[in-house]
Amino acid sequence: MTIGLASRAAVSTCALCTASLLALAPAAATAGTRADPAPTPGSGARAGAGPRAPAAPDSLLYRLGTQVRPRAGAPEVPELSARSWLVADADSGEVLAAHDAHRRLPPASTLKTLFALTVLPVLPAGIRHTVSEEELTGIGPGSSRVGVAEDLTYRISDLWNGVFLSSGNDAVHVLAALNGGWKVTAERMQDKAHALGAHDTRVKSPDGYDTPGQVSSAFDLAVFGRAGLHRPDFVRYCSRGEAMFPDRDGASYGIRNTNRLLTGSDGVERYPGIVGIKNGYTSNAGNTLVAAARRDGRTLVVTVLNPRQGGGHAVYEEARTLLDWGFDASGRVDAVGSLDALRVKPLPGPQAQPATAAVPAARGHGLERSVTWTVTGAALLGAMGVALFLRLRWGPAVPD
């Protein structure tokens, strides 16, 4: 049987269409399982910077200046000297008011909240460890220390007391060494920040010591503080006013929490219902504070970064003002955002890794199957079209 030019052209065209569809099947199936959303304002998402943040619906928190949505009769939001601040409901995550919430600033020792969230789960409190000289190297000049000594044995819980009460960078260095090292701990802290939806934070030094490029924000630090309140061990350490710290020859000495809003010392009155959390100071960051307090069954978390008036105690007094306002404004303001706005929902299980912005696996496989069957159907239709054309043009095929 001889096929004319028009017939051969039709056959060739259908064959090429079928081949093209089959070739595109793997690419189409793969494309159906990926999503790469554009970075949100202030999310810090860049090429090579890790998972990008999901879209943020709470645009008010990215605006400059003070953001509040008062109802009739709401108390006036306070005017503070801090460069950035935020007050939120710790239970719901609703942000009641904020000022430059996503402004990236040095966090000082408030970054130890993220350090604790990262390392607390992997180091049992009762383990004993003898400190080596190597573990105490590299501590920045002028760092706060609790007095960790080499060749002395400590419980992990002792070291955490040193971190939370004395803001001891020496204790942080030892715990980081047990967690895999300084660099590994910084990387894990960065991953933890992303999983919690804290995309303004850049971790360079796990203890919060001034390091070029290390920043966080009032929003992120409130996220860390709130997450800590869900861990009983975190709460025990951050709310502890005093503890005994091991010394040589079986002796010990007392250490006191440097968070004056918790202890009520040095002329700062203790805040009623204070839970604690973490304060910090460096020459670059100024005074910083993450604090939480409970009243009438409600818990608020506040962040205050670098007050520019009032001296060293201003960070506590401005936090007090925010807490007072937040409790007074309960039910009389609408939220300006949520601490959960950028959070990536974790997979279930103790070893869960942060979910990415890609299509879930089950859905991805479904799309792949859908694309495969679509392409297969198109190929069959193409073949049937060729056969029908030939039959109409030449009649039934007969042997030569």
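Reading the values: rules and limits
Residues numbered from 1 in each chain as written. Predicted model: local features only at pLDDT ≥ 70, side-chain atom pairs only at ≥ 80, totals over all residues. Heavy atoms only, no water. Helix = DSSP H or I, 4+ residues; strand = E, 2+ residues; numbered from the N terminus. Contact = heavy atoms within 4.5 Å. 1 Å grid on protein atoms, 1.4 Å probe; cavity = no way out; pocket = protein on both sides within 12 Å on 5 of 7 lines; lining within 4 Å. Points joined across faces, edges and corners; volume = space filled by probe spheres on them. Nonpolar A, V, L, I, M, F, W, Y, C, P; charged D, E, K, R; others polar. Buried < 20%, exposed > 50% of the residue type's maximum accessible area, 1.4 Å probe, protein only. Pairing = 2+ DSSP bridges. Phe/Tyr/Trp six-rings, centres within 6.5 Å; stacked < 30°, edge-to-face > 60°. pLDDT = per-residue confidence, 0-100. Core = buried A, V, L, I, M, F, W, Y, C linked by side-chain atoms within 4.5 Å.

- You'll find the protein chain entered in an unreviewed UniProt entry as D-alanyl-D-alanine carboxypeptidase family protein, with Streptomyces incanus given as the organism.

Some details on the environment of Ala125
Then step 1. Secondary-structure assignment places Ala125 in the loop between α2 (112-119) and β4 (128-130).
Then step 2. Apart from residues lying up to four places away in sequence, Ala125 is in contact with Arg155, Ile156, Ser157 and Tyr237.

Quick notes on the layout of surface pockets
Gaps left between atoms show up when a probe the size of a water molecule is rolled over them.
Then step 1. Taken as a whole, the second largest pocket spans an internal volume of roughly 410 Å³.
Then step 2. Every element with two or more residues in the lining of the second largest pocket is listed here: β8 (274-282), β9 (286-295) and α9 (314-328).
Then step 3. No other element matches β8, which puts five residues into the lining of the second largest pocket.
Then step 4. Looking at the lining of the second largest pocket residue by residue, the class counts come to six nonpolar, 16 polar and four charged.

So, the pairing of β9
Then step 1. Burial analysis of β9 places seven of its ten residues in the buried class, the great majority of the element.
Then step 2. Where β8 lies against β9, eight bridges are found, and the strand directions are antiparallel. Bridging from a neighbouring strand, Lys278 pairs with Val290 of β9.
Then step 3. Hairpin connection of β8 to β9: three residues between the antiparallel strands.
Then step 4. Counting the residues in the hairpin turn of β9 and strand β10 (residues 298-307) gives two residues, including Asp296, whose phi is positive at 55 degrees.

Some thoughts on the packing of aromatic side chains
Then step 1. The full count for this structure, using the stated rule, is seven aromatic pairs.
Then step 2. Geometrically, the ring pair formed by Tyr154 and Phe245 is tilted, given 5.4 Å between the ring centres and 35 degrees between the ring planes. Of this pair, Tyr154 sits in strand β5 (residues 153-155) while Phe245 sits in strand β6 (residues 242-246), and the two are 91 residues apart along the sequence.
Then step 3. Relative to Phe164, the ring of Trp160 lies with its centre 6.2 Å away and its plane at 45 degrees, an arrangement referred to as tilted. Of this pair, Trp160 and Phe164 both sit in helix α3 (residues 156-165), four residues apart, which is roughly one turn of the helix.
Then step 4. Here a set of aromatic residues connected by ring pairs shows up, and it is made of Phe115, Trp160, Phe164, Phe234 and Tyr237.

Section: the confidence of the model for the protein chain
Then step 1. Of all residues in the protein chain, 72% attain a pLDDT of 70 or more, and the chain-wide mean is 80.
Then step 2. Counted against residues more than four places away or in other chains, residues 1-58, with its pLDDT under 50, gives 83 contacts.
Then step 3. Counting contacts from residues 346-400, a segment whose pLDDT is below 50, to residues more than four positions away or on other chains yields 43 contacts.

Observations concerning the nonpolar core
Then step 1. Membership of the largest hydrophobic core comes to 65 residues, with the highest contact counts inside it found for Leu86, Val148, Trp160, Phe164, Phe224 and Leu339.
Then step 2. Ignoring sequence-local partners within four residues, the contact set of Leu86 consists of Val95, Ala97, Ala98, Ala101, Ala218, Phe219, Ala222, Val301, Val302, Thr303, Leu322 and Leu339.
Then step 3. One finds Val87, Ala293, Val315 and Leu323 within the second-largest nonpolar core, a separate group that totals 26 residues.

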